[in-house]
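A look at the structure
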Amino acid sequence: YQRRVRGRQQSIMHLSFATLASILFFVFYSQCVEPTRYQTEVLVLGAGVAGITAAKTLHDSGIEDFIIVEATNKIGGRVRNAEFGGLNIELGANWIHGRLQDNVSNPIYKFAELYGLQGVLDGDDLVLYGPDGSLLTDLSRFDDYETAQALAVDLSEIRKSRGQADLRFSAALGLSGWTPRNAEEDFIDWFYHDNCFAETARITSTLYSYPAATYMDFGHDMYFIIDQRGYVYFLERLAAEFLDYPGDPRLHFNSFVTDIIYNDTSVTVITSNGTIYEAKYAIITFSLGVLQKGTLRYSPKLPVWKKEAILKFDMALYQKIFVKFPEAFWDNVTSILHVDKVKGWYPYAKNLNYNIDGSNILVFFLTDEFGFRAATIDKEKVKQDIMDILRKIYGEGIPEPLDILLPDWWTNPLFYGAYSNWPIDVSLQTFKNMISPYKTLHFSGEHTSQKYYGYVHGAYDSGVREGYIVASRVLSLPTCILARTGFLVVSNTVASKKRIEIQITTIERFTKSSFGNPQTDAVVHIELFNPNLDVLFSLSIPSGQGWAETETSYEFSPLTNCRNGQSLKNKLTYFFIDFSNPDYAQLQFISESSSLELDAIFGSNFPINARIYTNAYGCITAEYYQGTYTDSSLVSVL
C-alpha cells in the first residue's frame, strides 16, 4: 500500500515538473518570438457588406494600402448561407427590400441584376389560420391597419416638421384609429410592424422609423433570394472587382479582434492569436450587438457620450427556423399565417416549396421575446411547438420533420443579434454621436445608416459613406458635409426684395465626388414647405449645374413649385448658391415681389421648413431646418 502511494506521489511529481517545464517554455517562447505585425494606411474591421463596400470605396478613391480583418473564414457578415435539406439556404439576410421607384434603384438590386442573382418577388398568395386552426377568410382588418398606418405616417411627418416630441409607434397608430383588441388584430399588428422591425410598436420610434425611407425610395417590392450560390454571391463578385478574391493578401481571415488601441494619429488592433495591426485609421464595421456587449477592449476607453449612444439603440432578433419534411402537406401558397391567443407565437411560415419545388422546407419567423426563447432552448422543444401548430391546422396525420435548423445570431459572439432598431426617446443627436468618428476610429454598419438601418442596403450605404470620409482624411481632401448643421434665415433685404436664405455648413465648398472622378448622377434636392407639409417650392440640382463645380455662384430662374399647384414663379424671382465663403454654402431665394405677396404664400410670422438632401458620395445629409418668416431678421439655430 505504501509503495503504491509513493509511486503515485512520484508520478504526480513528474507530471508537475513536466507541466511546469511546459509553462516556462511557453513563457520564454512568447517573450522571445516577435508577434506577427502588419502596417497599413487603413484597417477595415469586418468583411461584411459594410466592410467590403468601405474597402472598395477606398480603392475607388485611389487608396490601395488597406487591410480587411475578418473573424470568420469568408466574407458576408450577416449575409450568410448553409446547406440544409439538400438546399443552400440563407441563414441571415434573405430579401432585397424595394427594387426600383421613380428611376431610383436599390443599390443591392442593381448588383442582383448586374451579377444575375436569382430571386422571386413575394406575392400576396397566402392563407391565414385562426387560434383553433380554422381558415380565416375575412381580411378586412388588414385594410383597416393599412389605413391607420398611412395616417400615422402623415402624423409623423407633421410632428417632425413642427419639431414636436417623438411618439411610440403604437401611440401614433392609436391616434390614427388603430388599437389591437383581439388576437387577430394583435397578429395584424405583428405582421405589419414586428415582422419588419423585429420589435414591437411600443418600443419603436415614430419620427425616425416612419415613413420607412426604404419603401419611399425604392418601392414596396420584396425580392426573395433563392440563388443556390447564395445571397453573398453579389458581395463576392463585388469583392473580386478590386481584390484578388479570395486570396488577396490584404484580406485576413480567421482574425478575431480583441483590442483596439488608439490616439489622435494612429490605431493599433490586436487579434486573439496575437497578431498586431498598425494603421492611421480604422473603420469598425462590427454589429451593434458586438459594440454593446463590451467584449471589445478599447484603450483608452471610448468617451461616455459615445458609449451611451451605442447602448441606447436596440439590437433586435429576427429568428429563423428551418424545418425539413419528407413531403409537402401544407397549402401551396407563398406564406402560411397563424393567429394565436398569444401575440407573436409562431405567426408566420414561408413555404420554400412554392419557389423551389421538392424542397419540402418551411421557414418560420419569430421576433422579440419568442425569438429569444427559441434561440436559447433545446431545438427539440422548438420542433414540438411547431408540430403542435401544424397538427392543429393540418391534422394529426402529418409526418414528423426530418431535420430542423436554428441559425445562431443571438448568442454568436460575432453578431449578438440580427439587426438594429431605433427605439423611442432616442434623439437624432444620439444617433449622430453613435456614428461620429472619434480620433482615428470610424464607425460603419447597417446601424449607422440613418435612412436604411436594419437593411443590407443600409450596410452598403454606410460603407460608401465612411469609405469616402476616411479617403478624404488619407488624401487630405475636404469632406462634403451637407447640411449637417445650419439655420434658416428669413429677412428683409434692400428695396422691396425678400430673401429666404439657408446657410449650409461645410468644411469647404461641395467637391466633385469620388475626389476627382465625377459622379454623374449626384443631385442636391431642396424643398421649402409649411407645417402642413404643403411643398411651396422644390428644386433638384444635378451635379453638372453648379453645386459640384467651381463657380462661386449659380442662378436658377424661373422657379416653380411642385405639389400644391400654387406657382411661385414671379413670386420668388430667382435662386442661387453662393460659394464665396469657404465655411458654408449660402442658398438664397430672392423675391422682388412685395412683402404682402410673400405673406400670402408663406404667412406672416409663420414657420417655414427646409429639407435638403443629396445622394453625393461622401456627403452626410441632415433632414430639416426650421425658421420663421417675419418682417424682421430672425435666425433660428437648430
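Presented here is a report on the structure given in the accompanying data block. (Residues numbered from 1 in each chain as written. Predicted model: local features only at pLDDT ≥ 70, side-chain atom pairs only at ≥ 80, totals over all residues. Heavy atoms only, no water.)

1. Topic: the overall build of the protein chain
Quick note on the threshold: Put simply, DSSP marks the helices as runs of H or I at least four residues long and the strands as runs of E at least two long, and each gets a number from the N terminus on. Partly exposed residues are those whose accessible area sits between 20% and 50% of the maximum for their type, while under 20% is buried and over 50% is exposed, using a 1.4 Å probe and protein chains only. Working rule for contacts: check all heavy atoms of both residues, and any pair within 4.5 Å makes them a contact. In short, Shrake-Rupley with a 1.4 Å probe defines the accessible areas, and a residue's cover is counted only from the protein chains shown.
The helix and strand tally for the protein chain stands at 15 helices and 35 strands. Every one of the 638 residues in the protein chain was classed for burial, and the buried ones make up 55%. Sequence separation of at least 24 residues holds for 71% of the intrachain contacts in the protein chain that already meet a minimum separation of 6. Of the roughly 27,800 Å² of accessible surface on the protein chain, a fraction of 51% belongs to carbon and sulfur atoms.

2. Overview of the pairing of strand β3 (residues 66-69)
How we decide: When DSSP locates at least two bridges between a pair of strands, those strands are taken to pair. Handedness of a crossover is defined as follows: with both strands directed away from the viewer, a clockwise route from the first strand across the helix to the second makes it right-handed.
Of the two faces of β3, both are covered, the one formed by F66 and I68 as well as the one formed by I67 and V69. Two strands pair when backbone bridges link them, and strand β2 (residues 42-45) and β3 are joined in this way by four bridges, in the parallel orientation. Bridge assignment links V42 to a residue of β3, and that residue is F66. For the segment spanning β2, helix α2 (residues 49-60) and β3, crossover handedness is right-handed. Bridge analysis of β3 against strand β12 (residues 251-252) gives two bridges, and the strand direction is parallel. Note on β12: the bridge partner recorded for I68 is L251.

3. A few points about helix α11 (residues 368-376)
The test is simple: Note that the arc is defined by the directions from the helix axis to the C-beta atoms.
Here α11 has its buried residues at D368, F370, G371 and A374. For α11, the angular spread of buried residues about the axis comes to 155°, placing them on one side. The exposed set on the far side of α11, more than 90 degrees from its buried face, consists of E369 and T376. On its buried side, α11 packs onto β19 (318-324), β22 (361-367) and α12 (379-394).

4. Structural notes on the packing of aromatic side chains
Geometrically, a pair of aromatic rings is defined through the distance of the ring centres and the angle of the planes. Worth spelling out the cut-off: Pairing of aromatic rings covers Phe, Tyr and Trp, the last counted by its six-membered ring, and requires centre-to-centre distances within 6.5 Å; plane angles under 30 degrees mean stacked, over 60 mean edge-to-face, and any other angle means tilted. The criterion for a charge sitting over a ring is simple: Lys NZ or Arg CZ within 6 Å of the ring centre, and within 35 degrees of the ring normal.
For the structure on display, the rule yields 42 aromatic pairs. Between F111 and Y460, the ring centres sit 5.5 Å apart and the planes meet at 70°, which makes this aromatic pair edge-to-face. With F111 in helix α3 (residues 107-115) and Y460 in helix α14 (residues 456-474), this residue pair connects regions lying 349 residues apart in the sequence. One exposure class covers both F111 and Y460, and it is buried. Ring geometry for Y145 versus W178: centroids 5.1 Å apart, planes at 85°, classification edge-to-face. Of this pair, Y145 sits in helix α4 (residues 140-161) while W178 sits in the loop between α5 (169-175) and α6 (183-197), and the two are 33 residues apart along the sequence. Like Y145, the residue W178 is buried in the burial classification. Within the aromatic cluster, the residues linked to one another by ring pairs are W95, F142, Y145, W178, F187, F191, Y192, F224, Y318, Y348, F365 and Y419. If you follow R229 out to its NZ or CZ, it ends over the ring of Y233, 3.9 Å from the centre. The aromatic ring of F224 is capped on one face by K350, whose charged end is 4.7 Å from the ring centroid.

5. Focus on the packing of helix α10 (residues 304-312) against helix α13 (residues 428-435)
Stated precisely, the cut-off is as follows: Working convention: axes come from line fits to C-alpha atoms, limited for helices to the stretch in contact. Angles between N-to-C directions cover 0 to 180 degrees. Oblique is the label for any angle not covered by the other classes, which are roughly parallel (under 35 degrees), roughly antiparallel (over 145) and roughly perpendicular (65 to 115). Here a crossing is taken to be left-handed if its near helix is turned anticlockwise relative to the far helix by less than a right angle, and right-handed if that turn runs clockwise. Asp, Glu, Lys and Arg are counted as charged, while Ala, Val, Leu, Ile, Met, Phe, Trp, Tyr, Cys and Pro are counted as nonpolar; the rest, among them Gly, fall into the polar class.
Where α10 meets α13, the axes come as close as 8 Å, and the angle between the chain directions of the two elements is 110°. The orientation of α10 relative to α13 falls into the category roughly perpendicular. For the element pair α10 and α13, the recorded crossing hand is left-handed. When α10 is examined against α13, the residues W305, K306, A309, I310 and K312 are found in contact with a partner set consisting of T430, N433, M434 and I435. For the contact of α10 with α13, the per-class residue count stands at five nonpolar, two polar and two charged.

6. Section: the layout of surface pockets
If you roll a probe as big as a water molecule over the atoms, it shows you where there is empty space left. The test is simple: Both cavities and pockets are sets of points on a 1 Å grid over the protein atoms alone; in a cavity a 1.4 Å probe fits but cannot get out, in a pocket the set is open with protein on both sides within 12 Å along at least five of seven lines, and lining residues sit with an atom within 4 Å of a point. Grid points are joined across faces, edges and corners, and a volume is the space filled by probe spheres set on the points.
When its volume is computed, the second largest pocket comes out at roughly 220 Å³. Lining the second largest pocket are L291, Q292, G294, L296, R297, Y298, K301, L302, K307, I310 and L311. Those elements that provide at least two residues to the lining of the second largest pocket are α9 (288-293), β17 (297-299) and α10. Here the lining of the second largest pocket is built from residues that sort into six nonpolar, two polar and three charged.

7. Some words on the pattern of salt bridges
The line we're drawing: A pairing counts as a salt bridge when a side-chain nitrogen of Lys or Arg comes within 4 Å of a carboxyl oxygen of Asp or Glu.
Going through the model one piece at a time under the given rule, you end up with 24 salt bridges. In this structure, K56 engages E241 in a salt bridge whose closest nitrogen and oxygen atoms are separated by 3.9 Å. Placement of K56 in helix α2 and of E241 in the loop between α8 (233-240) and β12 is noted, with a sequence separation of 185 residues between them. Classification of E241 as partly exposed rests on a relative accessible area of 43%. Put simply, E34, R37 and E278 are held in one network by salt bridges that share partners.

8. Looking at the nonpolar core
Rule in force here: The nonpolar core is taken to be a set of buried Ala, Val, Leu, Ile, Met, Phe, Trp, Tyr and Cys residues, with the residues joined through side-chain atoms within 4.5 Å.
One finds L43, L45, I260, I284, Y298 and L441 to be the most contacted residues of the largest nonpolar core, which totals 75 residues. Apart from the residues within four sequence positions on either side, I260 is in contact with L45, V267, T268, V269, I284, L296, R297, Y298, S299 and L441. Grouped together as the second largest cluster of nonpolar side chains are 44 residues, A50, I96, Y109 and L251 included.

9. Observations concerning the sheet that holds strand β14 (residues 267-271)
Taking strand neighbours across the sheet as the criterion, the five strands line up as β1-β15-β14-β13-β17 in an open arrangement whose pairing is mixed. Every other strand in the sheet has two partners, leaving β1 (37-39) and β17 as the edge strands with one partner each. Strand after strand, the sheet turns through a mean of 15° between neighbouring axes, direction not considered. Where strand β13 (residues 257-262) meets β17, three bridges bridge the pair, whose relative direction is parallel. By the bridge assignment, D259 is partnered in β17 with R297.

Taken by themselves, the reported measurements are silent on function.
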